[in-house]
Amino acid sequence: MTGIEVARLPSDLALRCECGHVRGVASEVSPSTGYRVLCYCKDCQAFARFLERADVLDTAGGTDIFQMPPGRVKLTAGMDAMRCLRLSNRGIYRWYTDCCRTPIGNTAGPRVPLIGLIHCFMDHEADGHSRDVVLGPPLCRIYERSAVGPLPSTPTAPPSFRVSVRRASKMFGWWMRGLARPTPFFDDSTNAPCSAPRVLTRSERAAL
Ligand SMILES: [Zn+2]
Ligand SMILES: [Zn+2]
């Protein structure tokens, strides 16, 4: 083992909430089949505070997220505990578990071929490889102006134009290949969220 695996083949990643009630699997996961980013936006920080899960955020208030197509994410148990939060009625759909308040991920809507899976829901212990090996190191930091502490030294670069273009073309490819579906979060025929979103009022949002 050299510690550096240049061409890691896509593999299955076990998904699990902290208490183990909600489980699933993300398939074809590798550094080249998704985008790992650290998001420092105020809304992701508010989501962690809503869940009362300080462990979601790094010391600068960042959330470690792996963006991948929803068609490769399956939930296999505990769907009854899946909940949805929107910080406003225009907000993205933020999914979490009611059993132990583990964040699952963020989605923009039923037709967008992207879910941002949150690190807390990934069970790296199950396959014995670190997150850096399975997902690759974070490619960039986003919304770092909202950071609440000193930023980690890596990744050093803000999202470059090259990374943005690559990500956009990858998303387009996922969409073309129908990987927005099936999604565990929205009904296949009606597009309705599988759990009715709780929408925060302005004052609830402001209190977070
Ligand atoms: Zn749980
Ligand atoms: Zn964010």
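Now for a description of the structure that goes with this document. (Residues numbered from 1 in each chain as written. Chains lettered and ligands numbered in written order. Predicted model: local features only at pLDDT ≥ 70, side-chain atom pairs only at ≥ 80, totals over all residues. Heavy atoms only, no water.)

Topic: the nonpolar core
Piece 1. By size, the foremost hydrophobic cluster in this structure holds 25 residues, and its most contacted members are L13, L15, V29, M68, W95, L117 and F121.
Piece 2. Elements with a contribution of two residues or more to this core: β1 (11–16), β2 (23–29), β4 (63–68), β5 (73–77), β6 (82–86), β7 (93–97), β9 (115–118) and α3 (131–135).
Piece 3. Excluding residues that lie within four positions of it along the chain, L13 makes contacts with G24, V25, A26, V29, M122, D123, H124, V134 and L135. (Core = buried A, V, L, I, M, F, W, Y, C linked by side-chain atoms within 4.5 Å. Buried < 20%, exposed > 50% of the residue type's maximum accessible area, 1.4 Å probe, protein only. Helix = DSSP H or I, 4+ residues; strand = E, 2+ residues; numbered from the N terminus. Contact = heavy atoms within 4.5 Å.)

Details of the side chain of S30
Piece 1. With respect to the secondary-structure elements, S30 resides in the loop between β2 and β3 (35–39).
Piece 2. Among all residues touching S30, those that are not within four sequence positions of it are R8, L9, P10, F66 and V134.

A closer look at unusual backbone geometry
Piece 1. A cis amide bond links R181 to the next residue, P182, at an omega of -15°.
Piece 2. Structurally, P182 is set in the loop between α4 (161–176) and β11 (198–199).
Piece 3. Even without being a glycine, E28 presents a positive backbone phi close to 55°.
Piece 4. Looking at where E28 falls in the secondary structure, it is placed in strand β2.
Piece 5. You will see that E52, though not glycine, has its phi angle at about 55°, which is positive.
Piece 6. Structurally, E52 can be placed in the loop between α1 (42–51) and β4.

Quick notes on the side chain of R94
Piece 1. The topology assignment puts R94 in strand β7.
Piece 2. Buried and unpaired, R94 has D43 as its nearest opposite-charge partner, separated by 4.5 Å.
Piece 3. Not counting chain neighbours up to four residues away, the residues in contact with R94 comprise D43, C44, F47, R83, C84, L85, L87, G105 and N106. (Lys, Arg positive; Asp, Glu negative; His and termini not counted. Salt bridge = Lys/Arg side-chain N within 4 Å of Asp/Glu carboxyl O.)

Quick look at the coordination of the zinc ion (ligand 1)
Piece 1. Distances from the zinc ion (ligand 1) to its protein donors, namely C17 (SG), C19 (SG), C99 (SG) and C100 (SG), fall within the range 2.3 to 2.4 Å.
Piece 2. Classification of the site at the zinc ion (ligand 1) as tetrahedral follows from its four donor atoms and the range of 105 to 118° in their angles at the metal.
Piece 3. Taken in sequence order, the residues that donate to the zinc ion (ligand 1) follow the motif C-x1-C-x79-C-C. On the criterion of sequence distance, the pair formed by C19 in the loop between β1 and β2 and C100 in the loop between β7 and β8 (103–107) is long-range, its members being 81 residues apart. (Donors = N, O, S within 2.8 Å, 3.2 Å for Na, K, Ca; no water. Tetrahedral: all angles 85-135°; square planar, octahedral: opposite > 155°, others 65-115°.)

Focus on the pattern of salt bridges
Two side chains with opposite charge may pair up if their charged atoms get near one another.
Piece 1. Enumeration over the complete set of coordinates arrives at 11 salt bridges.
Piece 2. Ionic pairing is found between R141 and E144, a salt bridge with its closest N-O pair at 2.7 Å.
Piece 3. Across the pair R181 and D188 runs a salt bridge, and its minimum N-O distance is 3.1 Å.
Piece 4. Classification of D188 as exposed rests on a relative accessible area of 53%.
Piece 5. It is possible to trace a salt-bridge network through shared partners that takes in R36, D64, R131 and D132.

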